[in-house]
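# Observations on the three-dimensional arrangement
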Amino acid sequence: MERALLAFKGSNSFRRAGGSVQSELPMQELLGGNRARILPFRKGMPLADDDGSLCLLSAKHSLLRGGPECRADPYAYIGQLAGIPIFVVEICGDPDDSRHEDHDPFDAMIHTHPLLPEAATFRNLRGLMGSLSTDEAEIAATGKALLNWHRNARYCGRCGEATMATHEGWQRRCSGCGVDHFPRTNPVVIMLVERNEQLLLGRSHHWPDLMYSLLAGFVEPGETVEAAVRRETMEETGVQVGDVAYVTSQPWPFASSLMLGCRASALGSRVRINPVEIEDAKWLDKSQVLSLLCKDMPSMRPPARGSIASYLMHGWVTDRLE
Ligand SMILES: [Zn+2]
């Protein structure tokens, strides 16, 4: 069986700007140089070529030459790839536009732009996951999550005044009370719940038709990862979980989550779904999970290739969990 892909797992060659590695030059100087490349987003979707790779533009490209009114926020500097400074920007953003990708994340939307060649379109990042290089995936995931945070943090949660982007796009400062706001990441547990060589899969109401995947849920304030796995599994399916072990993680920029992949031992098999939480849940043995992943089950569809759910299920069925 083909080895599974874990999208957004990070690359060794991309030097992130938001962490310990900072640029030696001021942002305007980096942006003004000939080497700088910009990944534009529109409605939360990155610009891509028709071969499924990212389309990074020179700062002098006509799409980017408009004034600040053409951009939702100033450019954000996200890091360097082979010495090339990489920026992201949301063009012609409208935070109230209901056609934003995050409002219908499973719709394979494509937006064109009159200033771009036909082959370059703004495309749903979920649909690009399988074709991006590790460098491109990290750039796209970082940019999408950062721009999404800017879109949702325009006003101070403490005093209600407007905030302004600072620190090369990695902070926002309130114009009223002066407090600094930082990009946030929301932890989500996603778990292989297993018992007697069977795997528990569920189906959410809002997923594409017939799609089944691993159970998942947000970690609550004051809660450990292990407790979140046990609580979510019990809440959704009525199945009690014992031992929980961490396996791996995946940044998930839809909108700003960090998926914490776990393996959990169920203490019983009886399933009583909570219809408010999920639509269905069922136990599958290894041959059934294999058929599902190979798309050989007419009544069920697997999670998207590149997602941590797909990665963990491949690892479980082939006994190659890392
Ligand atoms: Zn404030």
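Note that the coordinates shown come from a computational prediction; the quantities given were computed from them, not determined experimentally.

Here is what the cut-offs are and how they apply
- Residues numbered from 1 in each chain as written.
- Predicted model: local features only at pLDDT ≥ 70, side-chain atom pairs only at ≥ 80, totals over all residues.
- Pairing = 2+ DSSP bridges.
- Helix = DSSP H or I, 4+ residues; strand = E, 2+ residues; numbered from the N terminus.
- Buried ≥ 20, exposed ≤ 12 C-beta atoms within 10 Å, placed from the backbone.
- Contact = placed C-beta atoms within 7 Å.
- Expected span 1.5 Å × (residues − 1).
- Domains from an automatic or database assignment.
- Axes fitted to C-alpha atoms, helices over the stretch in contact; angles between N-to-C directions.
- Parallel < 35°, antiparallel > 145°, perpendicular 65-115°, else oblique.
- Left-handed = near helix turned anticlockwise from the far one by under 90°.

This part is about the pairing of strand β3 (residues 45-48). Across 2 bridges, the pairing between strand β2 (residues 37-42) and β3 is antiparallel. Residue pairing for β3: Phe41 is matched across the bridge by Pro46. Where β2 folds back onto β3 in an antiparallel hairpin, the turn is made up of 2 residues, including Lys43, whose phi is positive at roughly 55°. Pairing analysis gives 2 bridges linking β3 to strand β8 (residues 121-123), with the strands arranged antiparallel.

Within helix α6 (residues 308-317), 9 of the 10 residues are buried, which leaves it mostly tucked inside the rest of the structure. Along α6, the residues that are buried comprise Ile308, Ala309, Ser310, Tyr311, Leu312, Met313, His314, Gly315 and Val317. Along its buried surface, α6 packs onto β12 (186-195), β15 (241-252), β16 (257-266) and α5 (286-293). Backbone geometry just after α6 places Asp319 at a positive phi near 55°.

Judged by pairing direction, the sheet is antiparallel, and its 3 strands sit side by side in the order β9-β10-β11 without closing on themselves. Only two strands of the sheet have a single partner each, and these edge strands are β9 (163-166) and β11 (180-181). Where β9 meets strand β10 (residues 171-174), 4 bridges bridge the pair, whose relative direction is antiparallel. In the sheet register, Ala165 faces β10, and the bridge partner there is Arg172.

Attention now goes to helix α3 (residues 134-152). With 19 residues, α3 should reach 27 Å at 1.5 Å per residue; the first-to-last C-alpha distance of 27 Å fits that figure. Burial of α3 is extensive: 15 of the 19 residues sit out of reach of the surface.

This brings us to unusual backbone geometry. In this structure, Ala255 follows Phe254 across a cis peptide bond, with omega equal to 15°. Topologically, Ala255 is positioned in the loop between β15 and β16. Of note, Asn196 is a non-glycine position whose phi angle comes to about 50°, a positive value. Position of Asn196 among the secondary structure elements: in the loop between β12 and β13 (198-203). On the basis of neighbour count, Asn196 is assigned to the exposed category, with 8 C-beta atoms found within 10 Å.

Before going further, it helps to spend a moment on the domain arrangement of the protein. Domain annotation for the protein reports domain 1 (14-152) and domain 2 (186-317). Counting residues at the interface gives 12 residues for domain 1 and 9 residues for domain 2. Elements represented by at least two residues in the side of domain 1 that touches domain 2 include exactly α2 (125-128) and α3. Examining the composition of the side of domain 1 that touches domain 2, we find that 5 residues originate from one element, α3, more than from any other.

This part is about the packing of α5 against α6. Think of two packed helices as two axes; the pair is described by the angle between the axes and how far apart they sit. For the pair α5 and α6, the least separation of the axes is 10 Å and the interaxial angle reads 140°. Looking at the two axes, α5 sits oblique to α6. Both α5 and α6 take part in a crossing whose hand is left-handed. Contacts between α5 and α6 involve Lys286, Val289, Leu290 and Leu293 from the former and Met313, His314, Trp316 and Val317 from the latter.

Attention shifts here to the environment of Arg15. One can find Arg15 in strand β1 (residues 14-16). With 19 C-beta atoms counted inside 10 Å, the residue Arg15 sits in the partly exposed group. Placed 158 residues apart in sequence, Arg15 and Arg173 show a C-alpha to C-alpha distance of 25 Å.

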